[in-house]
Amino acid sequence: MTAPHLSSPDLTELLALDDRLRSALVREARFSHVVAYGSVPQGTADAFSDLEYWAFLDPAHGAAFDVRAWLSARLDVQHFVVNEFGTPTALLPGLRRVELHVAAQERLPEVEDWTPQHVRPDRMLVKDPDGRLAQHLAVLAARRTDPAGEAQGLLDRLLNWLAFGLNVLARGERIRAHELLGWVQGGLLRLARLHAGRTAHWANASHRAEQELDAMTLDRYSGVTASLEGLEVAYTNAVAWTLDLAAALSLQWSAALAAGLRAATMEA
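Residues numbered from 1 in each chain as written. Predicted model: local features only at pLDDT ≥ 70, side-chain atom pairs only at ≥ 80, totals over all residues. Heavy atoms only, no water.

For the rest of this paragraph, the subject is the overall build of the protein chain. Helix and strand counts for the protein chain come out as eleven helices and six strands. Seen through its C-alpha atoms, the protein chain measures out along the principal axes to roughly 65 × 40 × 35 Å. For the protein chain, the share of sequence-separated contacts (at least 6 apart) that also reach a separation of at least 24 residues comes to 66%. Counting 25 positive and 33 negative side-chain charges, the protein chain places the centres of these two groups 2 Å from one another. (Helix = DSSP H or I, 4+ residues; strand = E, 2+ residues; numbered from the N terminus. Contact = heavy atoms within 4.5 Å. Lys, Arg positive; Asp, Glu negative; His and termini not counted. Charge placed at Lys NZ, Arg CZ, Asp CG, Glu CD.)

See below:
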């Protein structure tokens, strides 16, 4: 199926917009500290990337702030929404996305708890008059993810999603089984990244998967995707790949449960 034609965005345009917004964020007196996150400060942005910022309010200016009004006064906002994760998001011409979180200054230490991947404090700092933001980013940059340490928990949750999905598929709820397959795919993609030693995008395992994973892994991933009519094959492939990865990574699982999952795929 051919993707709909869109006018090609320009990376130069994206970076110019980032410069514009950074300047506006610095000038905004109600913001005491501002940090950028995502692919632009990571240095991996392309023409289709988003712009993403956290701004912390100076308590001297009160706690109320209208994100939509602030963005609309500076950008051609075609649509605005607070998404499922509580992130205020503006859509601009060309489907360009801008995220702007605004939080109380007292939440500044939470920066240390962000996902510690691709942290580049020099690129992330937008406004930091007293150096506090730099200190929190330094703590974040010093932290490391532990994919191997998470693997057993990932497998445990994956086995649960497989059982859940197979049960609703057997009941005849194909749309629900298709929805649950997404959780299965996410768990498999992370275990596959760990097995391949390609955990640079551990937090968002689908990001750049086509560029970072080998052809055999991508082929097995393709085998666990499906239309509503192909769910039986996808779940059968998912069970087989789950158990193969569990064995390759020396993880623990119940032989009885594995037998039950295999039996369920034969009956599906």
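This paragraph deals with the nonpolar core. For soluble globular proteins, nonpolar side chains are generally found buried alongside one another. Of all hydrophobic cores here, the largest spans 31 residues; its most connected members are Leu 162, Val 184, Leu 188, Leu 191 and Tyr 235. Ignoring any residue separated from it by four or fewer positions in sequence, one finds Tyr 235 in contact with Leu 162, Gly 165, Leu 166, Leu 169, Ala 177, Leu 180, Leu 181, Val 184 and Thr 265. (Core = buried A, V, L, I, M, F, W, Y, C linked by side-chain atoms within 4.5 Å. Buried < 20%, exposed > 50% of the residue type's maximum accessible area, 1.4 Å probe, protein only.)

This next bit is on the environment of Thr 115. Here Thr 115 shows up in the loop between strand E5 (96–104) and helix H4 (121–124). Classification of Thr 115 as partly exposed rests on a relative accessible area of 46%. Setting aside residues no more than four positions away along its own chain, Thr 115 makes contact with Leu 140 and Ala 203.

With that settled, the discussion passes to unusual backbone geometry. Positive phi values are uncommon outside glycine, yet Arg 208 reaches one of about 60°. Counting through the fold element by element, Arg 208 comes out in the loop between helix H7 (174–196) and helix H8 (209–212). Classification of Arg 208 by relative accessible area gives partly exposed; the value is 38%. The backbone phi angle of Ser 250 is positive, close to 55°, even though this residue is not glycine. If you trace the backbone, Ser 250 turns up in the loop between helix H10 (231–248) and helix H11 (255–267).

What follows concerns the sheet that holds strand E2 (residues 51–57). Strand order in the open sheet formed by six strands is E3-E4-E5-E2-E1-E6, and the pairing between neighbours is mixed. The open sheet terminates on both sides in strands that have one partner only, identified here as strand E3 (79–82) and strand E6 (125–127). Ignoring which end each strand starts from, the neighbouring axes of this sheet average 20° apart. When E3 meets strand E4 (residues 88–92), the two strands line up antiparallel, connected through four bridges. Looking across to E4, one finds that Phe 80 is bridged to Ala 90. This element, helix H1 (residues 11–27), spans strand E1 (31–37), E2, E4, E5 and E6 of the sheet and lies at about 5° to E2. (Pairing = 2+ DSSP bridges. Axes fitted to C-alpha atoms, helices over the stretch in contact; angles between N-to-C directions.)

Moving on: the packing of helix H9 (residues 215–222) against H10. At their nearest, the axes of H9 and H10 sit 10 Å apart, and the two run at 140° to each other. Regarding the angle of H9 to H10, the classification is oblique. Counting all contacts with H9, which are made through Thr 217, Arg 220 and Tyr 221, the residues of H10 involved are Ala 240, Trp 241 and Asp 244. For the contact of H9 with H10, the class distribution of residues is three nonpolar, one polar and two charged. (Parallel < 35°, antiparallel > 145°, perpendicular 65-115°, else oblique. Nonpolar A, V, L, I, M, F, W, Y, C, P; charged D, E, K, R; others polar.)

What follows deals with the environment of Asp 122. With respect to the helices and strands, the residue Asp 122 is situated in helix H4. Asp 122 sits 49 residues away from Arg 171 along the chain, and the two C-alpha atoms are 54 Å apart.

A few words on H1. Here H1 spans 24 Å end to end across 17 residues, near enough to the 24 Å set by a 1.5 Å rise per residue. Inspection of H1 places Leu 14, Leu 17, Asp 18, Leu 21, Arg 22, Ala 24 and Leu 25 among the buried residues, and these make up the whole buried set. Axial view of H1: buried residues confined to an arc of 165°, hence all on one face. Turned more than 90 degrees off the buried face of H1, the exposed positions are Thr 12 and Arg 27. (Expected span 1.5 Å × (residues − 1). Arc of directions from axis to C-beta.)

Below, the discussion takes up H10. For H10, which comprises 18 residues, the first-to-last C-alpha distance of 25 Å matches the rise-based estimate of 26 Å (1.5 Å per residue) to within 8%. Every buried residue of H10 is listed here: Leu 231, Ala 234, Tyr 235, Ala 238, Val 239, Trp 241, Thr 242, Leu 243, Leu 245 and Ala 246. Buried positions along H10 lie against helix H6 (147–171), H7, H9 and H11. Where H10 terminates, the next one or two residues include Ser 250, which has phi positive at roughly 55°.

Now for the pairing of E1. Both faces of the sheet carry side chains from a regular strand, because those side chains alternate between them. With seven of its seven residues buried, E1 lies for the most part within the structure. Alignment of E1 against E2, held across six bridges, turns out to be antiparallel. Bridging across to E2, Phe 31 finds its partner in Leu 57. As paired elements, E1 and E6 share two bridges and run antiparallel to each other. In the strand pairing of E6, Val 35 is matched with Leu 125.

Read these as layout, nothing more, since geometry by itself doesn't imply function.
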